[in-house]
Amino acid sequence: MTGIMGTATAHHIILLIGLVAGQKVSTSATNRPPNIIIMLADDLGYGDLSGFGNTTLSTPHIDQLMQEGVKLTHHLAAASVCTPSRAALLTGRYPVRSGMVPSGIIRVNIFVANRAGMLPNETTLAEVAKSVGYKTALVGKWHMGLSKDTYGDHLLHPMNQGFDQYYGHILTNMKDFSGDGERVLLSQRPRIYYQLGALVTLGLLLFVWLYRQAYIGKVSMVIGFLLVLTPVVYFVFIFNNLRMLNGIVMRNHDVVEQPIKLESLMKRYVQEGVEFLEAREKDREPFLLFLSWDHVHTAMRTSKEFKGRSKHGHYGDSVQELDWGTGEIMSTIKNMDIGKNTLVYFTSDNGAHLEESDIYGNSDGGSNGILKGGKAHGAVDGGIRVPTSVWYPGKLPANTTIDEPTMQMDMFTTITNLIGADVPRDRQIDGRDMYSLLAGKERVSPQEFFFHYCGGTVQAVRYRPRSGSVIWKLVYELPEYLPGTQKCTFTCRCRDAIKLERPYLYDITSDPGENRPIDITSDQKYKELAELMIKATEEHTSSIVPVDCRLSFFKMLWRPQMQPCCNFPYCSCVDSKYKDVE
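Everything numeric in this text was worked out from a predicted model, so none of it was measured.

J.: Help me understand the side chain of Asp-323 in this model?
T.: With respect to the secondary-structure elements, Asp-323 resides in helix α10 (residues 313–334). For the buried Asp-323, no salt bridge is present, and the opposite-charge side chain at shortest range is Arg-309, 7.4 Å distant. The contacts of Asp-323, once residues within four sequence positions are left out, are Ser-58, Thr-59, Pro-60, His-61 and Ile-62.

Below, the structure written as structure tokens:
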């Protein structure tokens, strides 16, 4: 009897231990920090989604993401062009702090083979996630550099910025990648080759005249010819071969496709994303997956299933394929156990490119709805206010809309805190934790002042008072639009901006289109508001520590000795994994 009772007691003790252990495992699984998926569209406009008011484009999967999560109607990028905007999202810092602003006209990285890009001493969200045991991956566009000093050093590569694996186009999509004769340069300067021809002719005639007048000898004349011809040949070669030079797809550190095949790109990115998710479900590691779509940047190309499906040509087809890709990822995680503990953040790097058109003059840009301006327009909201949603089932309220102003940089701090990592303390972090706002526990944005840059210049400041509901915007500079339009010739340039003698004040809550500027001298209330915002701007700019400019003219120059080339000397290869994907 005693033996039986002793055995039974031991058995119960073992069961009890097992139940307690099971309870601990269950609790541990429940309390695990969330997986993170960031889906970043390229050049998607505020008015391009049906969930943001578009009535002619169907985007059911992105709409569903918003219905099941939190829709942010006043979410702001740190810049109106992609390279600095992406740097800010990944670091939680205004781009000027990391040197990701230009010293000249060109505001984005334009070549694979140059020295431009974000330095590895910046701390990215991927590095933060890795510090607490996350597996990290980037699929898609990078656009923040490859090599810093020499060919193949890859110091600026995603895998030196915290990502465990990478598959995607290392630069950006470009019109030249279409293969049908489109040129990004000719879009901006259609007469450039005539101008270059005239320049060469005048230069050569000048040196012939100098020789005949006996001012120079034959050797000097030949040297003069070379001085004129060399930069022109360099220039013409580059801009006639951008598809080969920049159209590069990499897997980790290897070039696997050159030139890029755009038609199958979305399918491949979806497949890469799905494979990463399946591997994470198997190994149970927490993860951060950054899906940096190429859609809807030009050149607009889709798989055959989406060609001609929309009412808006290449652009509309691309938006709908973007929606499909988003739906495939969402369907995958919902069908997996990991979907129960995953936060999905969907946004765009900047607003729609209003000036964009194809080789036939048809519009290839999107819509920013009621907002003024678009991509590259500096501080106007059409360039920086982007359609956004955050999905976190069971943690964030479904079918919720937040109209409070927030910034993409805020997600850096929000995610860092959420996954139990440390926000870097050795540098200025501009992002604020917005989780309480997302969860409905707070009603006012954690940011009080928002500073809007064009290049390295603050063109506007936004103010969210700690009480009331009105959001104010003070504008110091405006884009120089073509008469009667809200467009520039191809892209608005910071140095051409109109500097206002007296800043314009907007009640951006009731006037989101920035159509009714308020005279700040018309009322003491407005005068005091302007003074407060000007003071905040001055305090912000005084906090900026000068750093190495990572997008300077000389760093962005194409360097032949740094050019990646698969299958040398042909610089041509096809990704064998996807050779049959169309």
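Read on for the rest.
J.: In this structure, what is going on with helix α6 (residues 192–212)? I would like to understand it.
T.: Note that an α-helix has 3.6 residues per turn; residues three or four places apart therefore point the same way. Compared with an ideal rise of 1.5 Å per residue, which puts 21 residues at 30 Å, α6 spans 30 Å between its outermost C-alpha atoms and is within 8% of the ideal. Along α6, the residues classified as buried are Ile-192, Leu-196, Val-200, Gly-203, Phe-207 and Leu-210. One side of α6 holds all its buried residues, which, seen down the axis, span an arc of 95 degrees. More than 90 degrees from the buried face of α6, the exposed residues found are Tyr-194, Leu-202, Leu-205 and Arg-212. Where α6 is buried, its residues touch α5 (184–188) and α7 (218–239). Directly beyond the C-terminal end of α6, a positive phi value near 65 degrees is found at Ala-214.

J.: Got a minute to help me understand helix α9 (residues 265–283) in this structure?
T.: With 19 residues, α9 extends 27 Å from end C-alpha to end C-alpha; this agrees with the ideal 27 Å at 1.5 Å per step. Taken as a whole, α9 has its buried residues at Leu-265, Met-266, Arg-268, Tyr-269, Val-270, Glu-272, Gly-273, Val-274, Phe-276, Leu-277 and Arg-280. Arg-284 sits one or two positions beyond α9 and adopts a positive phi of about 65 degrees.

J.: Looking at this model, I keep getting lost on the pairing of strand β8 (residues 287–292). Mind explaining?
T.: Along a regular strand, successive side chains alternate from one face of the sheet to the other. With six of six residues buried, β8 lies mostly within the body of the structure. Side-chain alternation along β8 places Phe-287, Leu-289 and Leu-291 on one buried face and Leu-288, Phe-290 and Ser-292 on a second face that is also buried. Direction of pairing for strand β1 (residues 35–41) relative to β8: parallel, over a ladder of five bridges. What sits directly across from Ile-37, in β8, is Leu-289. In this sheet, β8 lies alongside strand β4 (residues 135–140) in parallel orientation, the contact comprising six bridges. Considered in β8, the bridge of Thr-136 is made with Leu-288.

J.: So what exactly am I meant to see when it comes to the nonpolar core here?
T.: The nonpolar side chains of soluble globular proteins are, as a tendency, buried together. Ile-37, Met-39, Leu-44, Leu-277, Leu-289 and Trp-293 are the most contacted members of the largest nonpolar core, which totals 106 residues. With near-sequence residues (within four places) excluded, Met-39 lies in contact with Leu-291, Trp-293, Thr-326, Ile-329, Met-330, Val-344, Tyr-345, Phe-346 and Thr-347. Core analysis: the next-biggest nonpolar cluster, separate from the first, contains 26 residues, Leu-76, Ala-78, Tyr-94 and Val-101 among them.

J.: Explain the packing of helix α3 (residues 82–91) against helix α12 (residues 408–418) here, please?
T.: Helix-helix packing is described using two parameters, namely the angle between the two axes and the distance between the axes. Contact pair α3 / α12: the axes reach a minimum separation of 6 Å and the direction vectors enclose 25 degrees. On the basis of the axis angle, α3 is roughly parallel to α12. By crossing handedness, the relation of α3 to α12 is classed as right-handed. Touching Ser-85, Ala-88, Leu-89, Leu-90 and Thr-91 of α3 are Gln-408, Met-409 and Phe-412, all from α12.

J.: Looking at this structure, I do not really get the sheet that holds strand β13 (residues 449–454). What am I missing?
T.: Remark on secondary structure: sheet strands pair via backbone hydrogen bonds, oriented parallel or antiparallel. Reading across the sheet, the four strands line up as β13-β14-β15-β16 and stay open at both edges, with antiparallel pairing between neighbours. Here the strands that pair on one side only, and so sit at the sheet edges, are β13 and β16 (498–507). Here the strands of the sheet are splayed against their neighbours by 20 degrees on average, with no regard to which way each runs. Two strands pair when backbone bridges link them, and strand β15 (residues 472–478) and β16 are joined in this way by six bridges, in the antiparallel orientation. Note that in β16 the partner of Val-475 across the bridge is Tyr-504.

What counts, and where the lines are drawn
Chains are numbered independently. Their residues run from 1 in the order of the written sequence. Per-residue local features of the predicted model are confined to residues with pLDDT of at least 70, and side-chain atom pairs are confined, for both listing and counting, to 80 or more; whole-chain, interface and lining totals are unaffected and use all residues. Calculation of side-chain values draws on the structure's entire complement of heavy atoms; hydrogens and water are dropped beforehand. What counts as a helix is a DSSP run of H or I of at least four residues, what counts as a strand is a run of E of at least two, and both are numbered from the N terminus. Relative accessible area decides the class of each residue, using a 1.4 Å probe on protein chains only: under 20% of the type maximum gives buried, over 50% gives exposed, and in between gives partly exposed. All tallies of charge rest on Lys and Arg as positive and Asp and Glu as negative; His and the ends of each chain are not included. Any carboxyl oxygen of Asp or Glu that lies within 4 Å of a side-chain nitrogen of Lys or Arg is treated as forming a salt bridge with it. Throughout, a contact is declared for two residues whenever any of their heavy atoms are within 4.5 Å. The span one expects for a helix is its residue count, reduced by one, times 1.5 Å. It is the directions from the helix axis to the C-beta atoms whose arc is reported. Two strands form a pair only when DSSP identifies at least two bridges running between them. Buried residues of nine kinds, namely Ala, Val, Leu, Ile, Met, Phe, Trp, Tyr and Cys, make up a nonpolar core once their side-chain atoms join them within 4.5 Å. With axes taken as lines fitted to C-alpha atoms, and helix axes fitted only over the stretch in contact, angles between N-to-C directions fall between 0 and 180 degrees. Small angles under 35 degrees read as roughly parallel and large ones over 145 as roughly antiparallel, with 65 to 115 read as roughly perpendicular and the rest as oblique. Two helices crossing with the near one rotated counterclockwise from the far one by less than a right angle form a left-handed crossing, whereas a clockwise rotation gives a right-handed crossing.

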